[in-house]
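Residue strings, one per chain:
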Amino acid sequence: MNQFSKEERVAFEQLLEGFEDALVLSRNITIQRTDQTLMERTGDVLWTPQPYIVTSYDGTDMTNNFKPNHQLSVPISINYEKGVPWSLSPTELRDALQEGRLGKAAYQRLASDVNVSVATIAKNEGSIVVVKSTAASGFADVAALEGAFNRVGIADDARYLALSTADYNGLAADLANRETLTSGKTLDAYERAHVGRVASFETFKLDYALSLTANATTGITIDTRASASNFYAPAATTTDASGRRSNVDNRYQTITLSTNTGLVVGDAFTIAGVNEAHHITKLSTGELKTFRIVEILAANQIVITPPMVDHAVGGGRPAEQYKNVVIATSATAALTLLNIATKPANPFWHKEAIKLLPGRYAIPSNSGMAVLRSSTAQGIEVTMSKQTDIKTLETFYRVDVRYGVEMVNPEMAGIALFSQA
């Protein structure tokens, strides 16, 4: 029976500690605890509710205003399985430091995988897109993101921004030049290119850049009139012909364009005459709503996030409750692509926008290999397994994590695109 030595157990504890310390981005999203037995029975998919949005009315007489509030939900899943395997010969095992170095490399890689998962979902499905024609250069850039959140009523706590190194250092340069170098924040900016909290956002520097590819396609239009049915009517559930009721995922909408030629998944765009609506007041912000493409379909159709919800066009009570746009209808409203230069897509989000689902493996104790397991404060279980081959005396190790990262509300996350000219 394979067993872990005392040195290996210490190495695992150090690996776990380092792994947890390196989970920079994932500790700033919401944790969704799950029953792993139930998750197995449901195919690792769980429906979780979105925040309620309610409607207020004027006056004291509410006789005609007692209407049902529709609770929307979205499916989230455990969708990542990451592992780092390695082997050591019987001679390499004599070097205890070798095990330590490999353990450190394993936690660095796995922590990076989790952080990249968070940044990727924010970059791909965050629907609020803030564009600047020049490079990131200072406080005003982050203040523009704050303005984008404030306009639509996103809570001013728990806001986070992850920037590529070049864009982050552009902000640090502005801070470093603001005062004499005696203050702590300014000195940090000068010595370590550290920014910290700016304009209600906690900022982080990424050592990798998730870029959005340029797209110069023009001339595409959409019919936004009610007759074209390019609006979205939210629904909590749907019922099939046999009376079976199921939940509805309201994060996405299929729309029909004059053509979808030239468009690709990830593109960001606006639609002429389709303005943002404040999530609570439902009033127009005066700014065009931004959308993301998540799928290209046939027959000039695409799938977008978020959907266009305006009860003035159609959709009834649920649309009144979850209205997010004010549409000035047109038969030929023009699409304008925003990602016209290939540059890093710097994700920003509110903590409630993204959820982390910790998972685990059930490995039998009598399977012929040794297994150590422990969980981080976020609930991510880390397992280290070991097995020795009697034929070669080679010892095999692996460190594994299992988790899910899901965008629960695309309208509470987005990307900042600089140098779009």
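A. View of unusual backbone geometry. A cis geometry characterises the amide bond from threonine 305 onward to proline 306, with omega recorded as -10°. On the secondary structure map, proline 306 appears in the loop between strand E16 (301–305) and helix H7 (316–321). Unusually for a residue other than glycine, asparagine 300 sits at a positive phi of about 65°. As for its position among the elements, asparagine 300 is in the loop between strand E15 (284–296) and E16. For serine 419, which is not glycine, the phi dihedral falls at a positive 55°. Its location among the elements puts serine 419 in the segment after strand E24 (413–417).

B. Inspection of helix H4 (residues 139–151) at higher detail. Here H4 is 13 residues long and its end C-alpha atoms lie 18 Å apart, about the 18 Å a rise of 1.5 Å per residue gives. For H4, the full list of buried residues reads Asp141, Val142, Leu145, Ala148 and Phe149. In an axial view of H4, the angular spread of the buried residues amounts to 105°, which keeps them on one side of the axis. Within two residues after H4, glycine 153 carries a phi angle of roughly 85°, on the positive side.

C. A look at the pattern of salt bridges. Applying the stated criterion across every chain yields a total of 14 salt bridges. Close ionic contact of aspartate 113 with arginine 109 constitutes a salt bridge, the shortest N to O distance being 3.1 Å. Taken as a pair, aspartate 113 and arginine 109 lie in helix H3 (residues 96–125) at a separation of four residues, close to a single helical turn. Across the pair arginine 251 and aspartate 249 runs a salt bridge whose closest N-O atoms are separated by 2.8 Å. A relative accessible area of 5% places arginine 251 in the buried class. Take aspartate 249: its relative accessible area is 23%, and that puts it in the partly exposed class. Here the salt bridges share partners, and the residues they tie into one network are Asp44, Glu81 and Arg402.

D. The arrangement of the pairing of E16 in detail. Of all five residues in E16, four are buried, a share of seventy percent or more. Two strands pair when backbone bridges link them, and strand E13 (residues 253–256) and E16 are joined in this way by four bridges, in the antiparallel orientation. Among the inter-strand pairings, isoleucine 255 is bridged to a residue of E16, identified as isoleucine 302. Where E15 meets E16, four bridges bridge the pair, whose relative direction is antiparallel. Counterpart to arginine 292 in the pairing with E16 is threonine 305. Turn length for the E15-E16 hairpin, with the two strands adjacent in sequence and antiparallel, is four residues, and the turn residue alanine 299 shows positive phi of about 55°.

The rules behind these values
- Residues numbered from 1 in each chain as written.
- Predicted model: local features only at pLDDT ≥ 70, side-chain atom pairs only at ≥ 80, totals over all residues.
- Heavy atoms only, no water.
- Helix = DSSP H or I, 4+ residues; strand = E, 2+ residues; numbered from the N terminus.
- Expected span 1.5 Å × (residues − 1).
- Buried < 20%, exposed > 50% of the residue type's maximum accessible area, 1.4 Å probe, protein only.
- Arc of directions from axis to C-beta.
- Salt bridge = Lys/Arg side-chain N within 4 Å of Asp/Glu carboxyl O.
- Pairing = 2+ DSSP bridges.

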